[in-house]
Structure formats: structure tokens, C-alpha cells
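Read off the chains here:
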Amino acid sequence: MAVLPKDNLIRSLLGMIIISDEFLDQLKSSNKSTASASIYLSYNLPRSIDDKILQKLKEFRETSYRGACHSAARHIEHLFEFASRILHENFRQHIFLYTKELFHITPSEQYVEQLAKRVQQILNIHRALYLAVIGKLLPHVLYEKIELILKFYQSHRHLINAKTRRFIVDCVESEKKQTRKEECDVVIGIKLKFWPQITHSRLNYLRQNKHRIYDIIKNGIVYLIPKWCGRTSLNDDAPYEFRYSFSEVEGLLANSRTVTEQTLNKIARAIFYKHIRKLNSEDEADSENTPNYVKSYFIKTCVLWICEENNIYKQNFDEHQLTTMFIEYAKEKLKSNYCAHYFIEGINILNDYDQKVMNDVHEILCNVQQEAKDKTDEKGIEPEMTICANIFDLEVQQLCELIENFRRSQSKHFGSYGPLYL
């Protein structure tokens, strides 16, 4: 059998990208913003899609006999034994080389070992899937995972209407004619083994007054993320400035939400994506430190405060009440130009926003609220029966539910840091 070049083998069989030298210069010149907490990478990879693969598999099944299947299984086993050997010999070297070249860091042995185990697991999955083509039974655990994915698809396939399906087909056809482009947004963080002192006052308050919230987050992890504050020298100070990231802690709170809290979050997200996000421009800011649109972090923070201040987990508010509650709360924060950071006291997350931006979003929320009221009055229907349909499209609401269900399923059955994560 033909032996694939090592780099191609690693790229195509291990399910992850090991960047070969020919792409390294292009990566080094990719867009990087000192004001951003992430590094955006964009690069092209050669096409690896076999347009006739389904037809070939069908012909193979129809024409194969026992001896051919046995021979094919032996070749597959040899191929993946070779891939595992390459992984064992070269993977760690690749990781150390490219993290140093791209990010100027040396990963820990523990991290590289964990990554190698994950890649080996992906390799084992590919091996099982290839063997299944010639009739070998899938391992029981893998079978259960695939069944979960198929059930998820069956539950949400109705969201793919004719228009969306045509769009997907057009994208696939377009991709066949051009080089495949890969993009990634890399955030490098320092994991802290403690809660920073600046959060202690807030934690003490939660421990004394909000026991449920404190019990959820007390063992959470805080990260340091490199990001320029925008108020110091770009050349001298920016490379050494960091901000705290509470994303992992926020994830703990999100995963512990009650049905009512989840509904509030869905409504807030839907309003943002349907009405507020459209203010975003391609140039995300007029300057590097003055956003010209309200970011989703403001929405997330509002939801956290509403849940805490109103003890939403104990209540049974309907959608109309939750929608009104969110809009009124967000309007009040925008009007006062002040929204407190959820974990750090004394920080206003709206401090860097231009007044016009906040006025525009405040006006949008007023219009959304009035539009919902007008439609309700016209139809003469109870507000709680129509409020969601009036405020955001059903498709947007269903998409939010799909994402929430996907995250919940992945966290429960696949782990939060799987290769597919929305």
C-alpha cells in the first residue's frame, strides 16, 4: 500500500492541524491586535476532500468478498499502527516547535502529554470508523456517542429549512472549487490556583448572603489573559498587561441554572442577536480601546445580576415578565452609564463605551418593548402568549435553544473541551 508523507498523515488522520513549515511564515504575518485578548490566525490548507468517496464506498460494499474485507482490515490496521508510531515519535516535537515559533512559549510536559493522549483517542476513533466501513462492529462506547449525535440531529433537523439547506449546499459546492481556509482564535491564559485579592470582597458578600451562588463558584478557576488596557503606552506597557478572565466560573453558573434562569438567558441572547448586534461594524471599534457597539458581555452580566438580585431560581416568572425584567434592567444600566462587574467591585464595564453607543442601544430596547406592546394590543391576546414571538424571530429562539442543548449534551457526555464546542 502507498505510504502517505508524514506531515499529510498527521494532518489528515489525527483530526487536528499540525502546521507544516510551508505555512509558518503566513501564520507569523497573520492579524494580531495588541488590544485584543486573542490571536487571530488565518491560513490556507490544500484540499483533501475526495468528491467520489461515497460512490467508492458503495461499490466496495457491493463487490467485496470475505478475503477482500480481511485484506482491507489488515491494511487499515497497518496504516493506523504507522500513524500511532509517527504520533509517538514526532507529535511532541511538533507541538514544542510550533508553540515556540508562533506564541513564544514552551508548553508544560503535562499539557503536551494530555494533548498527545487526546490525539491518540481521535486516531482510535478514525480507525474504528474505517473498520466499520468493511463490517467490523464499532466499540460500544463509540457506538453510544454516535447514537447521541444522531439523536441530537434528529431532534433539531427541522431547523434546516429549504433556504438554509440550499445555502449549505452552495457553500459545499463553492468549497470544492477553492483551497480550504482554516481560521482559529487562540487565547493564551495563565491558570491561577487562587481567587485574586481584588475579588475577595465580592466573594465574602456571596458567602454571607448568597450561599447558593457561592457554593457553585467557590472552586472555580480564574485565568490571566494578556490584553492591553488601552490607557497606557502601546509600545512600552502593552506587552506586559493582563486582565482577569472569569469565563470558566461563568460556565459553572450557566450549567447550574434553573429552567426559569435558562429562559431569561435565552430571551436576553435573542434580543441581543436580533436587535442589538446589528449595530456591530466590520471595524469593531473607532479606536483600539473605544468600542462602537455594546458587546455580548454586557448582556451576560445583566443576566447574572438579574438572577442574583431577584432570586430567579426560586421564582416561576413567565416569558413576558422575564422579557420586561431584562429590558428594564438593561435600559436602567445604559441610562445611568453604569453596570458593575459581576466579580470585581468598583469596576464599571460600560466605562469605555461612547455615550452615543449607549443611547442607541437604549433606544433600540425602548422600540423593541413598544413594538411588542403594540402588536399585543392589536391582536388582543394576553402578553405572555405573544411576547417572545413579538420580540424575536422563532428561528433565533430555536437557534439559542439548539446551542444551549448542544453545550449541555457535550458537557455531560463528551467533556467541555471536546473538539467541537460552540
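Refer to the structure above for everything that follows.
Here goes a summary of the coordinates provided. Please read these numbers as outputs of a predicted model, since none were measured by experiment.

1. Digging into unusual backbone geometry
- With a phi angle near 50 degrees, Asn311 is a residue other than glycine that sits in the positive phi range.
- Within the element layout of this structure, Asn311 appears in the loop between helix H12 (296–309) and helix H13 (319–336).
- Given a relative accessible area of 23%, Asn311 falls into the partly exposed group.

2. Overview of the packing of aromatic side chains
- Within this structure, the stated rule accounts for nine aromatic pairs.
- Arranged with centres 6.2 Å apart and planes meeting at 35 degrees, the rings of Trp195 and Phe246 form a pair that is tilted. Taken together, the positions of Trp195 in the loop between strand E3 (190–191) and helix H8 (200–209) and Phe246 in the loop between strand E5 (242–245) and helix H10 (247–255) put the pair 51 residues apart, joining distant regions of the chain. The pair Trp195 / Phe246 is uniform in exposure class, with both members buried.
- Here the aromatic rings of Trp305 and Tyr342 are separated by 4.9 Å at their centres, their planes lie at 70 degrees, and the arrangement is edge-to-face. Placement of Trp305 in helix H12 and of Tyr342 in the loop between H13 and helix H14 (355–379) is noted, with a sequence separation of 37 residues between them.
- Among the aromatic side chains, those forming a connected cluster through ring pairs are Trp195, Tyr244, Phe246, Trp305, Tyr342 and Phe343.
- Here Arg202 stacks its cationic end above the ring of Tyr342, 4.6 Å away from the centre of that ring.
- Against the face of Tyr313 rests Arg212, its NZ or CZ located 4.3 Å from the ring centre.

3. Structural notes on the pairing of strand E4 (residues 223–226)
- Relative to E4, E3 is paired through two bridges, and the arrangement is antiparallel. Note on E4: the bridge partner recorded for Ile190 is Leu224.
- Sheet topology note: the E4/E5 ladder contains four bridges and is antiparallel. Residue pairing across strands places Pro226 opposite Phe242, the latter belonging to E5.

4. Points about the nonpolar core
- Core analysis: the biggest nonpolar cluster contains 47 residues, and Ile217, Phe298, Phe326 and Phe343 have the highest contact counts within it.
- Elements supplying a minimum of two residues to this core: H8, helix H9 (211–217), H10, helix H11 (259–276), H12, H13 and H14.
- The biggest single contributor to this core is H12, with eight residues.
- The residues that make up this core include at least three from each of domain 1 (1–42 + 187–254) and domain 2 (257–406).
- Leave out the neighbours within four places in its chain, and Phe326 touches Leu264, Ala268, Ile271, Ile299, Cys302 and Ile306.

What counts, and at which threshold
- Residues numbered from 1 in each chain as written.
- Predicted model: local features only at pLDDT ≥ 70, side-chain atom pairs only at ≥ 80, totals over all residues.
- Heavy atoms only, no water.
- Helix = DSSP H or I, 4+ residues; strand = E, 2+ residues; numbered from the N terminus.
- Buried < 20%, exposed > 50% of the residue type's maximum accessible area, 1.4 Å probe, protein only.
- Phe/Tyr/Trp six-rings, centres within 6.5 Å; stacked < 30°, edge-to-face > 60°.
- Lys NZ or Arg CZ within 6 Å of the ring centre and 35° of its normal.
- Pairing = 2+ DSSP bridges.
- Core = buried A, V, L, I, M, F, W, Y, C linked by side-chain atoms within 4.5 Å.
- Domains from an automatic or database assignment.
- Contact = heavy atoms within 4.5 Å.

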